[in-house]
Each structure stands twice: as C-alpha cells, then as structure tokens.
Amino acid sequence: MSRIGDILHKLRGLITKPGTKPSDYEISRLYSLFSSQPRHRALDPQSLNQFHEAISKHPAIGDALLSAAKCTTDTALLLAAAETCIVRGRYDQAIDLLEGARYLNPQDLPITDSIFRARHYKTTGRVNRVGHELADYFCFFPFVYLSLTRGGGCYCCCCSWLPQSIGNAYRDDFDGVWNSPAIESIRAGIIDGSFSFCDKLSCYMIMLGLLPRRDSLPAYINAKVQSLAPEIREHVRRTASEIPTIGTVMPFRPFFVNLANDPVCNLYCASCRQDKIIPDATELHRIEEATDNVVIPLLKTAAVVELSGAGDPFASRSCMRLLAAINANDFPALKLVLMTNGNLLSSELWGRFRNLEGRVASINISIDAATQHTYSLLRRGGDFDTVIKNARFAAQLYRQGRIENLKLCYVIQRENFTEMKDFVSLAREIGASQVHFQNLANFTFTQEQYADKAVHLPAHPLHAQLRQIIKDPIFDDPMIILEAK
C-alpha cells in the first residue's frame, strides 16, 4: 500500500463515532487538497474554503486528522490538522502543530501560510474570508521590481520572500520574462488579496505591518516617490496609481532593479556561501554581456538600482564598470542603493566615483557583529577594524548630505544574537541613520544546519532568549527595522 493509502486507511480507522462515517472519497479528497499542494505557493482560497466547510460538516474527519497528526511528520497531515484547529478556533494548537514542521521546512509556503493564518485569527479574534487575510492591503513589488540573480534568473521580489522564478533574462526576451505566466500568477495573487506566492513569515513588509492599505494607496504612493529623482517622480507616481486597476500585464518596465547576478565578493560569509566563489571566464563573460544587453537598457528608465544582492559591488569588475559609466545623459533619473560588506569602501575608492555624488539613496553595510571575535566567525575574509573605519567614513558622507541614508545590516543567527543591543549602540556611535536586523535566510545550509542557526524560528531552543533580548526598549527606536518582531 502507498504512503497516501496508508494514511487514508489510518484516517478511516480513526473515525469511530456511530453515524459519522463520511465516504472514502470525501476523506481522500480532503487529504489530497494538502498532499498534492506544491511547496512554492499557498493553498488556494477556494480549496481552503472547501476544506473548512467540509470539516464543519464532518467533525469526525477533523477528529481523525487531529488524532493522526499526534505522531507524524507528514506535512500534508499536519497542514490538514492545523486547518482543522483553525476551523475550531484552536489557534495556538494549530501553530504548535506546524512550528516543528517549519523548523525543518522554513520556506514551505503552505506551512508558513497556515501559521500566518492562525496567528492572524488569534490576533483579530475572528475568521473572515479564509485565504484572503491580506485583502485590505496591496504590494507593488511584483509590478515594479526585478531582481536579476546568478545565471540570469529573475524574481519580482527578494527570492527568499517570494521564491517563484519568473523567467531567465540570459535566455529569454526580457519583455516576455517581465510579463510571463509566472509573474502574472503572482500579480493575480496580489490583486485578489491571497498573496499566494508570498512567504508571509519572511517578508518584513507583511510581518511588521508595512504594506499599504488599499483604501490609502494615493497617500502611500505620494510619500514613497518623494525620495526619487525629480525627473521620474511624477511618472512613477502617476503610473503606480494606475497599477491596482491595470491587471496582470505591465505596459512599462520595472522601476526598481536589484542586481544579484554577479557573485564576486572579497568575503565568503557562511550565511551567503560555503566557500569563495570564483566565476570562470565563461560566466564572467555572460555577466558582462548581461550588463550591456539587459542591465543598462533597464537602468535607463529605472528609478532605483540596488547593487548587489549576491556579491560586493566594489569587488565586482562588472559592477565597478557600471558605476563608472553612470552619467546624467544616459541615466537621467537613476538613484543607487549600494549593498556592501564595507571592507573596500574607503575614502580613496569613493574618490574615484565623483559621478555618483547626489545619486546614492543609501549605502547598506552588512556587519553582523558588534565585536571582533564574532565578526571573524561570521564575515570570513573581512577585518572588523577596517569595516568600522569605513562605516565611519560613510557616516561622514551621510552627515554632509552626499548620500541620503546609511543603513547598517545584521543577520540574526545563533552566533551573534546576544550582541544585538551592543550593535545598536555601535550604530548610534558611528552615526548610522538605520539599523536593519534581518532574519537568517537559507541560501547555503542543509536543513539541519539552518535549523541549528536560525534562532528567529520559534522552535529553536534559544528562541525564548532572543525574544527576551528584543523586548529591551532599545529596539523601539524608529531607526531600527527588526524582522524578528
């Protein structure tokens, strides 16, 4: 007998109350809603509603699911049992059932979506429009944002928040990628309020309640465009105001571009890579080709470009060439976000890029530590004293108005979470304008390694200690973005 057959046989055997025997078909159909679910998207609202209605109609199936879930690691069973708990208003029980599964499957969207739903109903005290818990909110990312990753993969959000690829810019026509069937499905999920491709427990816009409400989008758009260059501000404002009613096909190219296709870096941090990445000549050539044929045409009409989400822009030949090429004629409205480990960001290097004066929206420096010892563990190949010196130089640029923002970044993990308060103090002393505490994403680890390091996960043995630390009033400062909250 197959695994599914074994489970269905067990469920039939657990339904013992007289007069409550649903058909084998009914049991099989409800279990299959979860067992056949792809891992990269949440269960669709229609299926969820069918399940909730069936559990309300046949309580015996719900009882059997809960009994079967007591000693199983079967994800489909755990999901079905958790949704049964949600139907019955047992939100804490639903969360407990799934946190263990999430511990080893942190980016399984049906799991994270079910946990999000249980937390949402626990907070609001009511179940309303199952599967559309975010229907009152909107997200512009899939309509205006492109992330280009290594090998040409394209995403319309951070790939750890929304892991569905929308195509490949190295192989395919870009306009086809930008309106591919994959991205149309993602956009449809935003429009209908299901956010079905979004990891709702990873996206800090969702977690921290930063998504704009649909009934206040004009004010949100007006506030956001103020930081853009005057040459493009009105165009973005007008176009963004039309997005909620345009549909799933965008008649314009992305305004915000993240370049994460070049992995070249002077460090090899464990949270990003296990060893140094040295692309061969073929890959470097493809990166250069993509810079000329894909990236530069995109940036000529873009508002903001982020460099880089994969390596370090100051270690990358293609990024350095791109930075040097930016000029007022070809890129009249472009602003930059420079994401760097900071080791190469010296005053001498900055002096080579006078063309960037007034164009840098933010310098984001990843440090991940408040002490030399912890830094040496996590930022392999870097030097703590050097990065702090260069962060002070970046703070000087910020004070002088030569860059608009200085963000210091810190990926929370087992080795460094006890230094978070010290890092806030260090950031204030340096003169940063923002501190971003990020939850650890799994780019390089085995599931077991990730489970050991990811203290932000509630099932982690040190999670309670993290929760106690972040209760400190020091984290209430508006300059701090704290995803773990």
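Since we're looking at a predicted model, the values are computed, not measured. (Residues numbered from 1 in each chain as written. Predicted model: local features only at pLDDT ≥ 70, side-chain atom pairs only at ≥ 80, totals over all residues. Heavy atoms only, no water.)

1. Re the nonpolar core
Next up, step 1: Ranked by internal contacts, the top residues of the largest apolar core, which has 150 residues, are Ile363, Ile365, Leu408, Ile412, Met420, Phe437 and Phe475.
Next up, step 2: Counting residues per element, this core draws most heavily on helix H5 (residues 75-87), at nine residues.
Next up, step 3: Looking at which domains feed residues into this core, each of domain 1 (3-124) and domain 2 (255-482) gives three or more.
Next up, step 4: When near neighbours in sequence (up to four residues on either side) are disregarded, Ile365 contacts Thr340, Asn341, Gly342, Leu345, Val387, Ala391, Ala394, Leu406, Lys407, Leu408 and Cys409. (Core = buried A, V, L, I, M, F, W, Y, C linked by side-chain atoms within 4.5 Å. Buried < 20%, exposed > 50% of the residue type's maximum accessible area, 1.4 Å probe, protein only. Helix = DSSP H or I, 4+ residues; strand = E, 2+ residues; numbered from the N terminus. Domains from an automatic or database assignment. Contact = heavy atoms within 4.5 Å.)

2. Brief notes about the pairing of strand S4 (residues 256-260)
Next up, step 1: The buried fraction of S4 is high, at four of five residues.
Next up, step 2: The pairing of strand S1 (residues 145-149) with S4 spans five bridges and is parallel. In the sheet register, Ser147 faces S4, and the bridge partner there is Asn258.
Next up, step 3: Where S4 meets strand S5 (residues 304-307), four bridges bridge the pair, whose relative direction is parallel. Looking at the pairing, Val257 lines up with Val305 of S5.
Next up, step 4: Read as a crossover between parallel neighbours, the route from S4 over helix H14 (residues 281-299) to S5 is right-handed. (Pairing = 2+ DSSP bridges. Right-handed = clockwise from strand over helix to strand, strands pointing away.)

3. Focus on the packing of aromatic side chains
Next up, step 1: Evaluated as defined, the whole model comprises 14 aromatic pairs.
Next up, step 2: Ring geometry for Tyr91 and Tyr121: centres 6.2 Å apart, planes at 50°, overall tilted. Here Tyr121 lies in helix H7 (residues 109-124) and Tyr91 lies in helix H6 (residues 91-104), a separation of 30 residues in the sequence. Judged on exposure class, the residue Tyr91 and its partner Tyr121 are both buried.
Next up, step 3: Seen in terms of ring centroids, Phe141 and Tyr145 are 5.1 Å apart; in terms of plane orientation they differ by 50°. Their pairing is tilted.
Next up, step 4: When its relative accessible area of 9% is taken as the criterion, Tyr145 is described as buried.
Next up, step 5: In this structure an aromatic cluster arises from ring pairing among Phe138, Phe140, Phe143 and Tyr220.
Next up, step 6: A cation over a ring is seen here: Arg187 above Trp178, with NZ or CZ 4.8 Å from the ring centre.
Next up, step 7: Across from the ring centre of Tyr137, 5.4 Å away, lies the NZ or CZ of Arg213, which sits over that ring. (Phe/Tyr/Trp six-rings, centres within 6.5 Å; stacked < 30°, edge-to-face > 60°. Lys NZ or Arg CZ within 6 Å of the ring centre and 35° of its normal.)

4. Quick look at the domain arrangement of the chain
Next up, step 1: Domain annotation of the chain identifies domain 1 (3-124) and domain 2 (255-482).
Next up, step 2: Between domain 1 and domain 2, the C-alpha centre-to-centre distance is 40 Å.
Next up, step 3: Across the contact, eight residues belong to domain 1 and 11 residues belong to domain 2.
Next up, step 4: In this assembly, domain 1 packs against domain 2 so that about 780 Å² is buried in total across both faces, 65% of it on carbon and sulfur atoms.
Next up, step 5: When the buried surface of domain 1 facing domain 2 is broken down by residue, Tyr103, Leu104 and Pro106 rank first, second and third, together holding 65% of it.
Next up, step 6: Viewed at the interface, domain 2 and domain 1 are joined by zero salt bridges.
Next up, step 7: One can count one residue pair in polar contact (both at pLDDT 80 or more) joining domain 1 with domain 2.
Next up, step 8: Across the side of domain 1 that touches domain 2, the residue classes tally to three nonpolar, two polar and three charged. (Buried area = accessible area lost by both parts, 1.4 Å probe. Salt bridge = Lys/Arg side-chain N within 4 Å of Asp/Glu carboxyl O. Polar contact = N/O pair within 3.5 Å; in protein donor to acceptor, adjacent residues only side chain to side chain. Nonpolar A, V, L, I, M, F, W, Y, C, P; charged D, E, K, R; others polar.)

5. Observations regarding H14
Next up, step 1: With 19 residues, H14 should reach 27 Å at 1.5 Å per residue; the first-to-last C-alpha distance of 25 Å fits that figure.
Next up, step 2: Remark: the principal bend of H14, roughly 40°, maps to Thr291.
Next up, step 3: Every buried residue of H14 is listed here: Glu283, Ile287, Glu288, Ala290, Thr291, Val294, Val295, Ile296, Leu298 and Leu299.
Next up, step 4: Buried residues belonging to H14 abut S1, helix H9 (174-178), S4, S5 and helix H15 (317-325). (Expected span 1.5 Å × (residues − 1). Bend = angle between axes of the 7 residues up to and from the residue.)

6. Details of the sheet that holds S1
Next up, step 1: Ordered in space as S3-S2-S1-S4-S5-S6-S7-S8-S9-S10, the 10 strands form an open sheet in which the pairing is mixed. What marks the edges here is a single partner per strand, and that holds for strand S3 (167-168) and strand S10 (480-482).
Next up, step 2: Across five bridges, the pairing between strand S6 (residues 335-340) and strand S7 (residues 360-366) is parallel. Its bridge partner being in S7, Thr340 is matched across the sheet by Ile365.
Next up, step 3: Sheet strands touched by helix H18 (residues 384-399): S7 and strand S8 (406-412). Its angle to S8, the strand with the most contacts, is close to 140°. (Axes fitted to C-alpha atoms, helices over the stretch in contact; angles between N-to-C directions.)

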